[in-house]
Amino acid sequence: MRLTLKIWRQKNRTSRGQLVTYQLTDVSPDMSFLEMLDMLNQDLAHKGEDAIAFDHDCREGICGSCSLYINGRAHGPLRGVATCQLHMRSFEDGDEITVEPWRAKPFPVIKDLVVDRTAFDRILQAGGFVSVKTGGAPDANAIPIPKAAAEEAMDAAACIGCGACVAACKNASAMLFVSAKVSQLALLPQGHAERKARVEAMIAQMDAEGFGGCSNTYACEAECPKQISVAHIARLNREYLRAQVV
Ligand code: SF4
Ligand code: FES
């Protein structure tokens, strides 16, 4: 495949960025999108040019590091697929592909396609955990959990913290991410002890980081690589309301 790539290049947080055009030939349809970028970086290295910075780690759709806006879509054209699991067979020979970083004020660009997502870490540090009492591990069946609740909690736990929901939202809202983390713990008895404090602290941190509010466009659910449901946002709202009255 022959491709024309328009890639966002930005030296650092404060400099002005721009789209730079690159031509790439001999791209295999079986390559992943990130392997295609590796190939481009190899070409740049051979020419003595600065490689394009982009985030990646597991390359298996697990870690949430990969984060590219591809032709105006978070994680590219496929639904329920992270950038690292996108393959070049999803594009046509001769295509022009525009690659940009997440665009949201709470995720400032560090370099090229890499953004600072530590705002998510701070939201998790505010309440996305259960306190652990030391002692022997409890018997696996000691705390019965209804199957439906366990499955819903597992669905919420599938969130990989990539930030596509924020990037896709016109308000840069982090509600889908926060709702997945709150749901996961609110649905399980282990999460009940800190239920009230958790939702209040996580929402306060979300607001402090500058994320916007939800206006129900559902762009987050449409672009989420783990297809986290907006039903979790409704649970987040209920949890928050409950915390105000109990
Ligand atoms: S809710 Fe989806 S899009 Fe948002 S951070 Fe989690 S996995 Fe990524
Ligand atoms: S690199 Fe880990 S999810 Fe894509």
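Because the structure is a prediction, the values reported are computed rather than measured. (Residues numbered from 1 in each chain as written. Chains lettered and ligands numbered in written order. Predicted model: local features only at pLDDT ≥ 70, side-chain atom pairs only at ≥ 80, totals over all residues. Heavy atoms only, no water.)

K.L.:
Now, about the packing of helix 3 (residues 147-157) against helix 5 (residues 175-186): what can you tell me, with residues and values included?
P.N.:
Look at helix 3 against helix 5: their axes get within 8 Å of each other, and the N-to-C directions meet at 150 degrees. Here helix 5 runs roughly antiparallel to helix 3, going by the angle between their axes. For the crossing formed where helix 3 meets helix 5, the hand is left-handed. Every residue of helix 5 that contacts helix 3 at Ala-153, Ala-156 and Ala-157 is listed here: Ala-180, Ser-183 and Gln-184. (Axes fitted to C-alpha atoms, helices over the stretch in contact; angles between N-to-C directions. Helix = DSSP H or I, 4+ residues; strand = E, 2+ residues; numbered from the N terminus. Parallel < 35°, antiparallel > 145°, perpendicular 65-115°, else oblique. Left-handed = near helix turned anticlockwise from the far one by under 90°. Contact = heavy atoms within 4.5 Å.)

K.L.:
Lay out the nonpolar core with the relevant residues and their values.
P.N.:
Formed by 38 residues in total, the largest nonpolar core has its most connected members in Val-166, Val-178 and Phe-211. Looking at this core element by element, the count peaks at six residues for helix 5. Apart from residues no more than four positions distant in its own chain, Val-178 is found in contact with Ile-123, Met-202, Met-206 and Leu-236. (Core = buried A, V, L, I, M, F, W, Y, C linked by side-chain atoms within 4.5 Å. Buried < 20%, exposed > 50% of the residue type's maximum accessible area, 1.4 Å probe, protein only.)

K.L.:
Could you give an account of the site of ligand 1, with specific residues and numbers?
P.N.:
Near ligand 1, the surroundings consist of 13 residues, among which Cys-159, Cys-162, Gly-163, Cys-165 and Cys-224 are the closest. Of all elements in the fold, only helix 4 (164-168) and helix 5 reach the threshold of two or more residues within the shell around ligand 1. Residues of the shell around ligand 1, tallied by class, amount to eleven nonpolar, two polar and no charged. (Near = heavy atom within 4 Å. Nonpolar A, V, L, I, M, F, W, Y, C, P; charged D, E, K, R; others polar.)

K.L.:
Would you mind going over the pairing of strand 1 (residues 3-9) in detail, with residue names and values included?
P.N.:
Extensive coverage of strand 1 is indicated by the burial of six of its seven residues. Relative to strand 2 (residues 18-24), strand 1 is paired through seven bridges, and the arrangement is antiparallel. Counted as the bridge partner of Trp-8 is Leu-19 from strand 2. Across four bridges, the pairing between strand 1 and strand 5 (residues 96-100) is parallel. Paired with Thr-4 across the strands is Glu-96, a residue of strand 5. (Pairing = 2+ DSSP bridges.)

K.L.:
If you had to explain the packing of aromatic side chains to someone new, which residues and values would you point to?
P.N.:
Counted under the stated rule, the structure contains six aromatic pairs. Seen in terms of ring centroids, Phe-33 and Phe-91 are 5.8 Å apart; in terms of plane orientation they differ by 45 degrees. Their pairing is tilted. Here Phe-33 is found in helix 1 (residues 33-46), whereas its partner Phe-91 is found in the loop between strand 4 (73-74) and strand 5, with 58 residues between them in sequence. On the accessibility criterion, Phe-33 (0% relative accessible area) is buried. Relative to Phe-211, the ring of Phe-107 has its centre 5.7 Å away and its plane inclined at 75 degrees; by these criteria the two rings are edge-to-face. Placement of the pair is Phe-107 in the loop between strand 5 and strand 6 (109-111) and Phe-211 in the loop between helix 6 (195-208) and helix 7 (219-223), with a sequence separation of 104 residues. The same class applies to Phe-107 and to Phe-211, which are both buried. Every member of this aromatic cluster is reached through a ring pair, and the members are Phe-107, Phe-120, Phe-177 and Phe-211. Across from the ring centre of Trp-8, 4.2 Å away, lies the NZ or CZ of Arg-103, which sits over that ring. (Phe/Tyr/Trp six-rings, centres within 6.5 Å; stacked < 30°, edge-to-face > 60°. Lys NZ or Arg CZ within 6 Å of the ring centre and 35° of its normal.)

K.L.:
Go over the pattern of salt bridges with me, naming the residues and quoting the values.
P.N.:
Taken as a whole and judged by the stated rule, the model has 16 salt bridges. Here Arg-9 ties to Asp-50 by a salt bridge, and the two come within 3.8 Å at their closest N and O atoms. Here the residue Arg-9 occupies a position in strand 1, and Asp-50 occupies one in the loop between helix 1 and strand 3 (69-70), the gap between them amounting to 41 residues. As a salt-bridge pair, Arg-195 and Glu-239 come within 2.8 Å of each other at their nearest N and O atoms. With Arg-195 in helix 6 and Glu-239 in helix 8 (residues 231-245), this residue pair connects regions lying 44 residues apart in the sequence. Here the two residues Arg-195 and Glu-239 agree in accessibility, since each one is buried. (Salt bridge = Lys/Arg side-chain N within 4 Å of Asp/Glu carboxyl O.)

K.L.:
How would you summarise the packing of helix 2 (residues 118-127) against helix 6 if you had to cite specific residues and measurements?
P.N.:
In a packed pair of helices, the relevant descriptors are the angle between the two axes and the axis-to-axis distance. Interaxial distance between helix 2 and helix 6 falls to 8 Å at its minimum, and their mutual angle equals 155 degrees. In terms of orientation, helix 2 lies roughly antiparallel with respect to helix 6. Crossing of helix 2 against helix 6: the hand is right-handed. Within the contact between the two elements, helix 2 uses Arg-122, Ile-123, Leu-124, Ala-126 and Gly-127 and helix 6 uses Arg-198, Ala-201, Met-202, Gln-205 and Met-206.

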